[in-house]
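The lines below spell out each chain.
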Amino acid sequence: MNTNELLSQLRKFVLIKSGLRNIDPGHCKTISELVFKETKNYVSETTVKRFFGFAQTLHKFSLFTLNSLAQYIGYTDWDSFCKDKKNQIEDVNDVWSDLKIRCQAVTDVSLIAKKNNSGVPFIATANRSFLYADFDYFLNKPYQFTTINAQPGQGKSIFIAHLVEHFFYSEHAIYKNDIVLLINSGTINEIIQNDLSLKEWFLKEFKFAGISELIAYFKRNPRERKGRFVLIIDGTDHFLSKNKYFEVFTDFLFSVAECDFLKIVIGLRVNTWINMQPAITGSAFLTKSWYKGLFFDDENGTNVPLLNQEEIFYTLSHIEGRKIDEGDLHPGLIKQFSTPFWLQVYFKLKQEHTTIRLDNYLLCLELINYFLEKKIFLSKNSTEKIFILKQVSNSISKGNVCHRVAKEKLLNYISSYPEAYQELIYDGILIEEKRLTTSIPTEIIKFLNDDLYTYFLFLELTEKVNFKPDKAFFEEILSVYELEPELRALMLNWSIRFCLNRNEIQALKHIFRLPFSNDEKNNAFDFICDVALFELEKGDGNFNAQTIDIHFIDILVLGKLVSKNYKETIKRISEKVFKEEIQILLNVIECSVCVIDMDRNALTKNMNVLKRHSKTMQDMFPINPYDLILYLSNVLNNKLNKSKTLDAKILHLCEEIYNSEPRRNEEITSVEIITYRLVVLVLFTNRSYEECGRFLQAIINKYPKIFYLRSSIFSSFLLIFSVQICIKLNQHKQAQRLIKYLDKLINESNTYYTPYIKSAYYIAKSNFLNQTKNYEGALTEIDKGLNITNTNELYVSEIALRLVKIDALKRSNKTESINQNIKDLLNFLQARNLNMPDFSNVNSSDFDHTFSILKSYKQT
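Residues numbered from 1 in each chain as written. Predicted model: local features only at pLDDT ≥ 70, side-chain atom pairs only at ≥ 80, totals over all residues. Heavy atoms only, no water.

This brings us to the pattern of salt bridges. Under the criterion given, the structure shown has 48 salt bridges. Between lysine 350 and glutamate 320 there is a salt bridge whose closest N-O contact spans 3.4 Å. Here lysine 350 is found in helix α18 (residues 340-352), whereas its partner glutamate 320 is found in helix α16 (residues 309-320), with 30 residues between them in sequence. The structure contains a network of salt bridges with shared partners spanning Glu537, Glu568, Arg572 and Lys576. (Salt bridge = Lys/Arg side-chain N within 4 Å of Asp/Glu carboxyl O. Helix = DSSP H or I, 4+ residues; strand = E, 2+ residues; numbered from the N terminus.)

Structure representation (C-alpha cells):
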C-alpha cells in the first residue's frame, strides 16, 4: 500500500471508532475530544479538519498526529498500522482483488471529499433515486461511457456520490463485485504536484500503465475478471479549461478500446461538455458508445434535472429536524431551492441567523445576499469581480428573456482582469455557453441564475442615486420595468430591504405615493413588516430598537388595519422599541387592531401596558386614546358604556378640528389618523350618527382634499364611514354619490387599499342597496365581500356582511334561506369563539330586535 491508501484506511477506521458513517466539519471537534480522551494526546480540531479534507493541506501530517490517530483505533503507532495493512495486501493472491483494494483506497478518499464538500450534511441530500434506473440501464447495455452534465450548483457531484454508494458501496449495493475508481480534483492535484503523467500515476497506484493496458490484460485473461471496471471522473472542469489538459483528456477518450467490462462516467459542467462534444461527435466509436441518458435536456445541455418538491422537502426536513411540506415554504423559495446550491447557502445562513423563516419571502433575498457576500464581496479580487459583474449586467439588453450577452462585447473587461473573470467562472457565478442555433456558433456569458442578475441590476440602480434612495429612485423602478411586472416586484423588494438595512425609512413612503399597482403596494407593505422584524432581530443593523422613529409609524398607519403579519409586526416591535412615544403609538395601533380583530385578551393586555403612559398620552394626542379604546373594549365585552366626559371631549375635539386652518394632505400626522379613526368608530358604535357626520365634516374642513389622498387607506376609511352615516341618516342620494366615487376610487390603478378596506366597501355598498330595496344587488355585493373575508380572516367584516345578508333575505321574503344563514353565522361565531359587537351591525334600526336575539343566542 502507498501512503495515500494507508491514510484512506486510517480515515475509515477513525470514523468507525467514532461511531460515524459520514462526517461533516461539526464532527471534527468531537473526534479531537475522543482522541484526547482515548490517548491523552491532543490533536487539534483544525488538524482533524485537514485530515478529513475540510481544510487545505499544505504539508504532510506530522508523525505525532499519525501516531495519535493510530493509537486511537487500537494500534501502538502509525508504523504498526502500516505494517498490518501491508500484510493484508500481500495476502491477496489475484490481480482483480488487488486492483479492487487499490482502487477502493483512492475512491474512499474521493468519496469522503465529495461528502465533505456537499454544503449540507450528506445524509440530508436527496439521493434522486428516479435517475438510478437510467444509470443501471447504462451499466447493463453495450455503451462505453456516459456523461453527467450540469451547471454549477445543480448537484452533479453529490448525485455521483449517491450513485457510488447505491450501486457499489452500500450494504445492499447490487454490484459489489465491480471495481469503482472515482477520480476527482484532489486526485488530479496530487498527480500534478508530484509531477507525474497519468500513465506514471496509474502504474504507481495500480500496477498497470494506463487504462489501455488494463483492458488488454483482462481481455487476455478473461477468467481473472470478476465484474466491471467503472471509472468515474468528476470535478476536473477547472483543469479541462486549459488546453493542455483538455487535449490529454480527449486523447484518453480516443485511446480507450472497445470492451464490454469497462464503463466510464464523466461528470462535467455544461460549458465543458459543449467544448468536448465536437471531439466526441467527430469519432464514430465515441458517438456510438456514448449513452446520452433518458433525462438529457438538449436545449440546456444537462441531464441532471432540477430538484422536485419532494426532494426539496426531504433535504429541508433533515436541516430543520422536523417534517417540512409545501405549506411551510414561501412559493418563491420552492422555485429557488430547486437548484441545490441554494439549499447549501440556506444551511450556512441558518447557522448564523436562526430567526429567519422558510415561509418568508425575505429569505429569498437573504440567500442571494449571503451567497454573494461570501463568494464576491469578501473574496480575493472582489473589486475586479464586482466591476465585471456590473458590466455583464449593464450589457444585457432590457427585456432579454435569457438574460445573456455575447462574450465579444466583454472581451476588454475579461482581458483586463483575467484572474477575477476565471474565478467567477470557476465559482459558477458566471457561465460561459455556446449558442449553436445561430449561423455562426456564438459564445455567450450569463449569470448562474436570474436572481444574481437581478441583484446587480439593483446595485446599478443604487449607484445611480449615490446609494441615497429618493423619489427618483422609485420612479426609475416604476418606469424602467413597466413592462416586466415580475422584475419590478423583485426590484421593489430589493429596494425595501436596502432602505431598511440603511434605516432610510422615509424613502419607503414613495412606494405608496407613486402609481404602483395596489397589489404591489400591499405586497410592499407586507414585505416592509417582514424585513423590519428581521432587522430588529439581528439587533446590530442601522434599523434597530433605538433608531425606530415616527417615519416607521407613518408607514404602519397608512397601511393595513387587519392582518396577522401586521399584528405580529406591531406586537414584536412594541416589545423592543426604546422611545416611549413610539412604544405608545405602537400600543395604540395594536389596540385598534385588536378591536377590529375582536381579540379581547390581547386588547386587555395592551390596555394594561397603555395605563403606564397616561400622562404622556395626554400630551401626545388631542384626546386620550385610552378613553376611546376603553369604550370599544366595553362594547366587545358587552358592558354598560356611557361616558358624558368622553362625549364632551369628542365634542371639543370636533370643534377644534372644524375651526382649524385648511391644510394640505401631506401635513396630516399619524397621531391624527390614529385618533380620528378611533373617534369615528366610537361615535358610530354609540349610534351618534349626526355627531359622527359632523366629525367627518370637521376632518374635511381641515383637510379639504383628503378624499384625493391615494397613498393611504385613511381616505377610503373616511369615505366608507361617510356612506354608512348617510345611510343611517336616510341621506340616500348623498350615499349614492359617495358610492360612485368609491367605485371610481377602488378601480383606479394607483389607489392603495387593503382587503379590509375592500370588504368594508362591500359592506357599505350592500347595505345601501339593501336599504334602497335592491335586495338582489345587495346579495351579489355581499357574496363578493365574503369571498374576501374568507381568504383574509376579516372576522368583523364577515359578521357585518352576514348580518346584512340576513336582513336582505328577510326584507325580500326569502324565508327558506334565512334560517340557514342564521345557522351559518352562529356556527361561524362558535367555531372562533367570537361575539357580535354593536359596531358589526350596520343595518337600520328595524333590524335591532333580530340583532339582539342573535346576540343573546350566542351568549347562551
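Let's shift gears to the packing of aromatic side chains. If you walk through the whole model with that rule in mind, you get 54 aromatic pairs. Between lysine 17 and the ring centre of tyrosine 72, over which it is positioned, the NZ or CZ distance is 5.7 Å. Over the aromatic face of tyrosine 426 sits the side chain of arginine 269, whose NZ or CZ is 5.6 Å from the ring centroid. (Phe/Tyr/Trp six-rings, centres within 6.5 Å; stacked < 30°, edge-to-face > 60°. Lys NZ or Arg CZ within 6 Å of the ring centre and 35° of its normal.)

Summed over all chains, the structure comprises five cavities of 30 Å³ or more. In this structure, the largest cavity spans a volume of roughly 250 Å³. Taken together, 17 residues form the lining of the largest cavity, with Phe721, Tyr756, Ala760, Ile763 and Phe839 sitting closest to its centre. The set of elements that each furnish at least two residues to the lining of the largest cavity consists of α35 (670-685), α37 (714-728), α39 (755-771) and α41 (795-811). When its residues are assigned to classes, the lining of the largest cavity shows 14 nonpolar, three polar and no charged. (1 Å grid on protein atoms, 1.4 Å probe; cavity = no way out; pocket = protein on both sides within 12 Å on 5 of 7 lines; lining within 4 Å. Points joined across faces, edges and corners; volume = space filled by probe spheres on them. Nonpolar A, V, L, I, M, F, W, Y, C, P; charged D, E, K, R; others polar.)

Here we take up α39. In this model α39 runs 24 Å from its N-terminal to its C-terminal C-alpha over 17 residues, within 8% of the 24 Å that 1.5 Å per residue would give. The buried count for α39 comes to 16 of 17 residues, which makes it a mostly enclosed element. Looking one or two places after α39, you find lysine 773, whose phi comes out positive at around 70 degrees. (Expected span 1.5 Å × (residues − 1). Buried < 20%, exposed > 50% of the residue type's maximum accessible area, 1.4 Å probe, protein only.)

Time to look at the sheet that holds strand β8 (residues 442-447). Strands belonging to one sheet form pairs held by backbone hydrogen bonds; the direction of such a pair is parallel or antiparallel. Here three strands make up an open sheet; going across it, the order is β6-β8-β7 and the pairing antiparallel. Across the chains shown, the open sheet's two edge strands, defined by having one partner strand only, are β6 (404-406) and β7 (430-435). Going from strand to strand, the sheet's axes swing by 30 degrees on average, the running direction of each strand aside. Pairing between β6 and β8: three bridges, direction antiparallel. Of the residues in β8, the one forming a bridge with valine 405 is isoleucine 445. Relative to the sheet, helix α22 (residues 418-426) contacts β7 and β8, its axis offset from that of β7 by approximately 85 degrees. (Pairing = 2+ DSSP bridges. Axes fitted to C-alpha atoms, helices over the stretch in contact; angles between N-to-C directions. Contact = heavy atoms within 4.5 Å.)

This part is about unusual backbone geometry. Its identity as a non-glycine residue notwithstanding, asparagine 503 has a phi of 60 degrees, on the positive side. Within the secondary structure layout, asparagine 503 lies in the loop between α25 (485-501) and α26 (509-513).

Axis separation between helix α30 (residues 580-597) and helix α31 (residues 600-611) bottoms out at 9 Å; the angle between their running directions is 155 degrees. Relative to α31, α30 is oriented roughly antiparallel. The element α30 and its partner α31 pack so that their crossing is left-handed. Within the contact between the two elements, α30 uses Ile584, Asn587, Val588, Glu590, Cys591, Cys594 and Val595 and α31 uses Ala602, Leu603, Asn606, Met607, Val609 and Leu610. Tallied by class, residues from the contact of α30 with α31 come to ten nonpolar, two polar and one charged. (Parallel < 35°, antiparallel > 145°, perpendicular 65-115°, else oblique. Left-handed = near helix turned anticlockwise from the far one by under 90°.)

Here we take up the sheet that holds strand β4 (residues 262-269). One open sheet holds the five strands; their spatial order is β2-β3-β4-β1-β5, and the pairing between them is parallel. At either margin of the open sheet sits one strand with a lone partner, and together these are β2 (179-183) and β5 (290-291). In terms of strand pairing, strand β1 (residues 145-150) meets β5 through two bridges, oriented parallel. Directly across from phenylalanine 145, in β5, lies its bridge partner tryptophan 290.

Moving on: the state of the cysteines. With the rule as written, the count across this model stands at zero disulfides. The thiol sulfur of cysteine 103 is not disulfide-bonded, and the nearest other cysteine sulfur, from cysteine 259, lies at 14 Å. (Disulfide = S-S within 2.5 Å.)

Relative to the helices and strands, threonine 462 is located in helix α23 (residues 450-464). Under the relative-accessibility criterion, threonine 462 is labelled buried at 1%. Excluding residues that lie within four positions of it along the chain, threonine 462 makes contacts with Phe467, Phe473 and Phe498.

Next up on the list: the packing of α31 against helix α33 (residues 625-636). Where α31 contacts α33, the axes come no closer than 11 Å and their chain directions differ by 155 degrees. By the angle between their directions, the pair α31 and α33 is classed as roughly antiparallel. Considering the relative orientation of α31 and α33, their crossing is left-handed. Contacts between α31 and α33 involve Arg600, Leu603, Met607, Leu610 and Lys611 from the former and Tyr626, Ile629, Leu630, Ser633 and Leu636 from the latter. Of the residues belonging to the contact of α31 with α33, the class tally is seven nonpolar, one polar and two charged.

Right, let's get into the environment of glutamate 656. Secondary-structure assignment places glutamate 656 in helix α34 (residues 644-658). Taking the C-alpha atoms as reference points, glutamate 656 and lysine 702, separated by 46 residues in sequence, lie 9.8 Å from one another.

Right, let's talk about the pairing of strand β3 (residues 229-233) for a bit. Summarising burial for β3: five of the five residues are buried, a large majority. Across the two faces of β3 the burial is the same, with Phe229, Leu231 and Ile233 and Val230 and Ile232 all buried. Pairing analysis gives five bridges linking β3 to β4, with the strands arranged parallel. The residue of β4 that forms the bridge with isoleucine 232 is valine 265.

What follows concerns the side chain of arginine 11. Position of arginine 11 relative to the elements: it lies in helix α1 (residues 3-18). The exposure class assigned to arginine 11 is buried, which follows from its relative accessible area of 11%. Of the polar contacts made by the side chain of arginine 11, one reaches the backbone oxygen of phenylalanine 51; its length is 2.5 Å. Apart from residues no more than four positions distant in its own chain, arginine 11 is found in contact with Phe51, Phe52, Phe61, Val109 and Ile112. (Polar contact = N/O pair within 3.5 Å; in protein donor to acceptor, adjacent residues only side chain to side chain.)

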